[in-house]
Structure formats: structure tokens, C-alpha cells
Amino acid sequence: DAGITQSPRHKVTETGTPVTLRCHQTENHRYMYWYRQDPGHGLRLIHYSYGVKDTDKGEVSDGYSVSRSKTEDFLLTLESATSSQTSVYFCAISNNDRGNYGYTFGSGTRLTVV
Amino acid sequence: QKEVEQNSGPLSVPEGAIASLNCTYSDRGSQSFFWYRQYSGKSPELIMSIYSNGDKEDGRFTAQLNKASQYVSLLIRDSQPSDSATYLCAVILTGGGNKLTFGTGTQLKVEL
């Protein structure tokens, strides 16, 4: 999707293990976002980044950390996975620096914590 | 009160009819509004953006914005079975920087 890829596409992991999801973009866009999508809750922002090494929390950041060491990569880490973190995770890039042109989303990662 | 609200549906319309999807938002100062389409098992896809009061048309899609009533809608004319999807309303709230806040989506079913 428009130069944004997520990996892995699917993952099953055990409770208590750390998990890292990767988002890679080829658009050289400054702003990147991680959302999770759950039935009845819609898309909720976990963390976002406004540049290399510049990140901030969203509304559901507990239990998650992020890193951005390069413009093109934004990593989401579940420090100790719990069953409540079973979800579909989407990465997005802002279509312009002001964000008022909307986002483009990656294909998503379906994570199951057992 | 949720910041962005949508009826979850499903909204069922016959093929060829007009589908009307609605969204209300709580922040009167919001300036940027978006509609995304999401097919089952796929990622959201941006289909419309609107920033000023009134109507904005793009093909079979029309977005309508009424800031006084804090209401944004999406009309789909000549609905097709391929329009069957979940439609997400998203808003940039005042003070939200450029972060989008999403509604929970309305499921649309276009029936033959």
C-alpha cells in the first residue's frame, strides 16, 4: 500500500513474551502512527512519531513501546504480551506533514496472544 | 460521549439506491474530516476528505459537512455490491496535532 509495509502479517505468541512489529515506508514521510483495531472500539492510537527519535503516546499506550531510529522504520514492541493485546495492528503514514490530507495505512498485522 | 460517533449498522440498501452514512463529532473546533472504506480483512482506504461546510463530490461519493451541527455524512449514489464494506469516519480534533480520531465504523451491505 503506497510504499508502506508491515511485518509480520500474522503472528501467534505466548503470554509474557516480548513481540516486535515492524513498519517500513519508502515515502520519506515524517509522521508515522501505530493503531490497533478491535471490534466495538474501532481504530485506537497507540503511539506516533513525528521524526527520528521523536515519539509520543496515544490513547492506549500502556504495555507498548516504540522506536524510530531511521525515517523509514517505526517499530512497535509489546514488552510482555497479554491476551488483551490480541488485535489487528495497523501502521499508517501521514499524507503530508500537517496530517490534514489523511493517512495511508499498511496492510496490518494480526497478532494472537495465547 | 465518544469524540466521533457512528451507527454501527449494518445499513442495508438495494443495489442502485443511495446509501447515507452519518457521523457526529464532539469537538466544535475540528477542521479536517475524512471517510475511509475498509473491506473485511483489509486495511482502511481513504476515499474522501472535507474541510469546509457544504458538499464535496467525487464520482459516486459525496461528503457533506455541517460544522454548526457537528455532523459529517457520506452519500454513495448508485450503490453497488462492491460498496459493501465498513465505512470509518475520522476527525482531526482541536489540539490533536495531526492525529486522526476514528469512529467505530458503519457496516454497509448492498443487496442485489
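Bear in mind the structure is a predicted one, so any value in this text is a computation, not a measurement.

### Things to note about the state of the cysteines
Residues and elements named next belong to chain B. For the coordinates displayed, the defined rule picks out two disulfides over all chains. A disulfide bridge connects Cys-23 with Cys-89, and the sulfur atoms are separated by 2.1 Å. In this structure the cystine formed by Cys-23 and Cys-89 twists about its S-S bond by roughly -70°; its chirality is therefore left-handed. Placement of the pair is Cys-23 in strand β3 (residues 19–25) and Cys-89 in strand β9 (residues 85–92), with a sequence separation of 66 residues. Here Cys-89 falls in the buried class, since its relative accessible area comes to 0%.

### Examining unusual backbone geometry
For the bond from Ser-7 of chain A to Pro-8 of chain A, the omega torsion is -10°, close enough to zero to count as cis. Topologically, Pro-8 of chain A is positioned in the loop between β1 (4–7) and β2 (10–13). Each neighbour pair has its own omega, and for Gly-9 of chain B with Pro-10 of chain B the value is 10°, a cis peptide bond. Tracing the backbone through its elements, the reader meets Pro-10 of chain B in the loop between β1 (4–5) and β2 (11–14).

### Describing the pattern of salt bridges
Pairs can form between side chains of opposite charge whenever their charged atoms are close. All names here are of chain A. Counting across every chain of the model gives seven salt bridges over all chains. The salt bridge partner of Arg-22 is Asp-73, with a shortest N-O separation of 3.1 Å. In this pair, Arg-22 sits in strand β3 (residues 19–25) while Asp-73 sits in strand β8 (residues 73–78), placing the two residues 51 residues apart along the sequence. One connected set of salt bridges, linked through shared partners, spans Arg-22, Lys-70 and Asp-73.

### What to know about the interface of chain A and chain B
Counting residues at the interface gives 23 residues for chain A, matched by 18 residues for chain B. Of the roughly 1500 Å² buried where chain A meets chain B, counting both sides, 54% is carbon and sulfur surface. The largest contributions to the chain A side of the interface with chain B come from Leu-43, Tyr-103 and Phe-105 of chain A, which together make up 30% of the buried area. For the pair chain A and chain B, the interface holds zero salt bridges. Summed over the shared surface of chain A and chain B, the result is seven residue pairs in polar contact (both at pLDDT 80 or more). The residue inventory of the side of chain A that touches chain B, partitioned by class, reads 10 nonpolar, 10 polar and three charged.

### Some points on the side chain of Ser-73 of chain B
Residue and element names in this part refer to chain B. Summarising the element assignment, Ser-73 is placed in strand β8 (residues 71–76). Looking at Ser-73, the relative accessible area reads 1%, which means it is buried. Contact partners of Ser-73, with chain neighbours within four places excluded, come to Leu-21, Asn-22, Trp-35, Thr-62, Ala-63 and Gln-64.

### Overview of the sheet that holds β3 of chain B
Taken in spatial order, the five strands make up an open sheet running β1-β3-β8-β7-β6 (chain B), and their pairing is antiparallel. In the strand order of this sheet, the two ends are held by β1 and β6 (54–58) of chain B, each with one partner.

### As for the pairing of strand β4 (residues 32–38) of chain A
In regular strands, side chains alternate between the two faces of the sheet. Residue and element names in this part refer to chain A. Counted residue by residue, β4 has seven buried out of seven residues, so it is predominantly covered. Side chains Met-32, Trp-34, Arg-36 and Asp-38 project from β4 onto one buried face, and the interleaved Tyr-33, Tyr-35 and Gln-37 project onto a second face that is buried too. One ladder, built from seven bridges, connects β4 with strand β5 (residues 42–51); its direction is antiparallel. Along β5, the bridge assignment pairs Tyr-35 with Leu-45. Between the end of β4 and the start of β5, which pair antiparallel, lie three residues, with Gly-40 showing a positive phi angle near 85°. As judged from the six bridges shared by β4 and strand β9 (residues 87–94), these two strands associate in the antiparallel manner. When the sheet's bridge partners are listed, Trp-34 is paired in β9 with Cys-91.

### Observations regarding the sheet that holds β1 of chain A
All names here are of chain A. The antiparallel open sheet is built from four strands, whose spatial order is β1-β3-β8-β7. Both outer strands of the open sheet, β1 and β7 (64–70), are each paired with one neighbouring strand and no more. For this sheet the average axis-to-axis angle between neighbouring strands, irrespective of direction, equals 20°. Pairing of β7 with β8 involves five bridges; the strand directions are antiparallel. From the neighbouring strand, Tyr-64 faces β8, where its bridge partner is Leu-78.

Rules behind the numbers
Residues numbered from 1 in each chain as written. Chains lettered and ligands numbered in written order. Predicted model: local features only at pLDDT ≥ 70, side-chain atom pairs only at ≥ 80, totals over all residues. Heavy atoms only, no water. Disulfide = S-S within 2.5 Å. Helix = DSSP H or I, 4+ residues; strand = E, 2+ residues; numbered from the N terminus. Buried < 20%, exposed > 50% of the residue type's maximum accessible area, 1.4 Å probe, protein only. Salt bridge = Lys/Arg side-chain N within 4 Å of Asp/Glu carboxyl O. Contact = heavy atoms within 4.5 Å. Buried area = accessible area lost by both parts, 1.4 Å probe. Polar contact = N/O pair within 3.5 Å; in protein donor to acceptor, adjacent residues only side chain to side chain. Nonpolar A, V, L, I, M, F, W, Y, C, P; charged D, E, K, R; others polar. Pairing = 2+ DSSP bridges. Axes fitted to C-alpha atoms, helices over the stretch in contact; angles between N-to-C directions.

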